[in-house]
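Chains, contacts and geometry: an overview
The residues making up each chain are set out below.
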Amino acid sequence: MGTALAAPPRPGCAVTAARRKCRRMARAARLLALAAERAAGSGLGPGPGSARLVLLPPVRRARPGPQGACGRPAEGGGWAGGGSAPVELGWAAPEDGGRGRWRRERGRPADWSEAVAAAAGALQAGGLVAVPTDTVYGVACLAQDSAAVRSIYSLKGRNGAKPLAICLGDVERLYRYCRVNVPDELLRDLLPGPVTLVLERSEELNKDLNPFTSLVGVRIPDHPFMRDLARACPGPLALTSANISSQGSTLTVLEFQDLWPQLSLVIDGGPIGDIQSPECRLGSTVVDLSVSGKFSIIRPGCALMPTVEILKKKYGLVPEPS
């Protein structure tokens with residue numbers, strides 16, 4: 001009886017994934033080149049105002065929290081990321097032999113700490129940085145830098161009367177910038193997570209940030225890169241979604257490529273949730289806790305039901321009409 005011959009092995013999933021990653025990086029490089037050309041046409045050169053792209057490795061959730069519509073880890077337990085070996089695309093200036101193009105920088109693999117340091121450096125230089133969060137992509141700057149705050153409003157095409165949230169790395173830092181009238185345990189039940197808590201602002205916060213209101217929204221995203229970045233900065237970040245005002249939220253860096261020429265750095269954490277699902281674009285749930293014993297929902301967002309359940313059932317807060 002003859003021996004059956006084994007079928008030749010099929011290409012492995014790892015090879016397929018590697019090819020997809022290469023195609024994705026090539027496409028990103030082409031788009032960044034286009035962004036650079038637009039920047040050059042508008043008088044923007046290397047540094048703040050012409051974005052570099054950093055790909056993050058897959059990241060993992062810090063802990064369970066109020067789950068939003070898309071608050072689920074990717075297969076294998078990690079959030080979808082840019083790959084295990086992030087690469088930085090840097091600017092090749094004319095004096096370096098380039099024509100104002102984007103190129104792959106050799107010898108500079110951006111590991112996790114390098115990505116955090118690069119983003120923190122860009123922020124401290126007054127730049128705007130696109131970042132992944134636990135809900136949608138955002139744009140951040142230093143909240144205490146008035147010029148950078150104005151740049152975010154200009155980037156968004158946003159009315160200056162629409163407030164920006166601040167982003168922190170830990171609940172402990174919240175007390176410096178806000179007057180808190182709810183139990184610390186309540187804060188920790190909701191943060192970090194896909195929730196923005198609106199509280200009375202303190203005198204420590206930049207007076208040029210939302211000067212028309214005594215309140216401020218606070219975000220602590222359940223995303224390790226964002227928390228590490230916030231911890232690496234000397235003060236709070238101002239954070240808003242990475243899109244033009246009135247347009248839809250973004251779940252990949254390619255969806256806000258028109259903003260790249262005005263950014264200093266783009267942190268690519270991969271797709272956030274299911275890009276085909278409208279629920280994944282809802283953003284954080286925004287809840288006003290500035291009145292003792294009460295709460296009001298300003299924006300339902302992606303974590304409405306679990307947030308309301310915590311506030312009503314566990315802490316006995318009374319809902320008010322928004």
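This write-up is about the structure you can find in this document. (Residues numbered from 1 in each chain as written. Predicted model: local features only at pLDDT ≥ 70, side-chain atom pairs only at ≥ 80, totals over all residues. Heavy atoms only, no water.)

With that settled, the discussion passes to the overall build of the protein chain. Counting its secondary structure elements, the protein chain contains seven helices and 16 strands. Taking all 322 residues of the protein chain together, 50% fall into the buried category. Restricting to contacts in the protein chain with at least 6 residues of sequence separation, those with at least 24 account for 66%. Here the protein chain has roughly 15,300 Å² of accessible surface; of this, 55% comes from carbon and sulfur atoms. (Helix = DSSP H or I, 4+ residues; strand = E, 2+ residues; numbered from the N terminus. Buried < 20%, exposed > 50% of the residue type's maximum accessible area, 1.4 Å probe, protein only. Contact = heavy atoms within 4.5 Å. Areas by Shrake-Rupley, 256 points an atom, 1.4 Å probe, with all protein chains shown as cover.)

Every second residue of strand β14 (residues 285–288) is oriented toward a common face, with T285 and V287 on one face and V286 and D288 on the other, all of them buried. In the sheet, strand β10 (residues 195–201) pairs with β14 via four bridges, with the strands oriented parallel. Residue pairing across strands places V198 opposite D288, the latter belonging to β14. Bridge analysis of β14 against strand β15 (residues 294–299) gives three bridges, and the strand direction is antiparallel. Along β15, the bridge assignment pairs V286 with R299. (Pairing = 2+ DSSP bridges.)

Here L191 and P192 are connected by a cis peptide whose omega angle stands at -5°. Tracing the backbone through its elements, the reader meets P192 in the loop between α5 (184–190) and β10. Its identity is not glycine, yet N210 carries a phi of approximately 50°, on the positive side. With respect to the element layout, N210 can be found in the loop between β10 and β11 (215–219). One non-glycine residue, S246, lies in positive phi territory at about 80°. If you trace the backbone, S246 turns up in the loop between β12 (237–241) and β13 (265–268).

This brings us to the pattern of salt bridges. Per the counting criterion, the structure on display carries 13 salt bridges. One salt bridge in this structure joins D134 and R219, with 2.8 Å as the shortest N-O distance. Residue D134 is located in the loop between β6 (129–131) and β7 (138–142), and its partner R219 is located in strand β11; the two are separated by 85 residues in the primary sequence. Here R219 falls in the buried class, since its relative accessible area comes to 5%. Across the pair E203 and K207 runs a salt bridge whose closest N-O atoms are separated by 3.8 Å. Relative accessible area serves as the criterion here: at 58%, E203 is assigned to the exposed category. On the accessibility criterion, K207 (57% relative accessible area) is exposed. A cluster of three or more residues bridged by salt bridges with shared partners is formed by D170, R227, D228 and R231. (Salt bridge = Lys/Arg side-chain N within 4 Å of Asp/Glu carboxyl O.)

Right, let's talk about the environment of A140 for a bit. As for its placement among the helices and strands, A140 is situated in strand β7. On the basis of relative accessibility, which here comes to 0%, the residue A140 falls in the buried class. Setting aside residues no more than four positions away along its own chain, A140 makes contact with L123, G127, L128, V129, V131, I152, L237, A238 and L239.

As enumerated under the stated definition, the model contains two aromatic pairs in all. Ring geometry for Y137 against F256: centres 5.7 Å apart, planes inclined by 50°, an arrangement best described as tilted. Residue Y137 is located in the loop between β6 and β7, and its partner F256 is located in the loop between β12 and β13; the two are separated by 119 residues in the primary sequence. Across the pair, F256 and Y137 agree in class, each one buried. (Phe/Tyr/Trp six-rings, centres within 6.5 Å; stacked < 30°, edge-to-face > 60°.)

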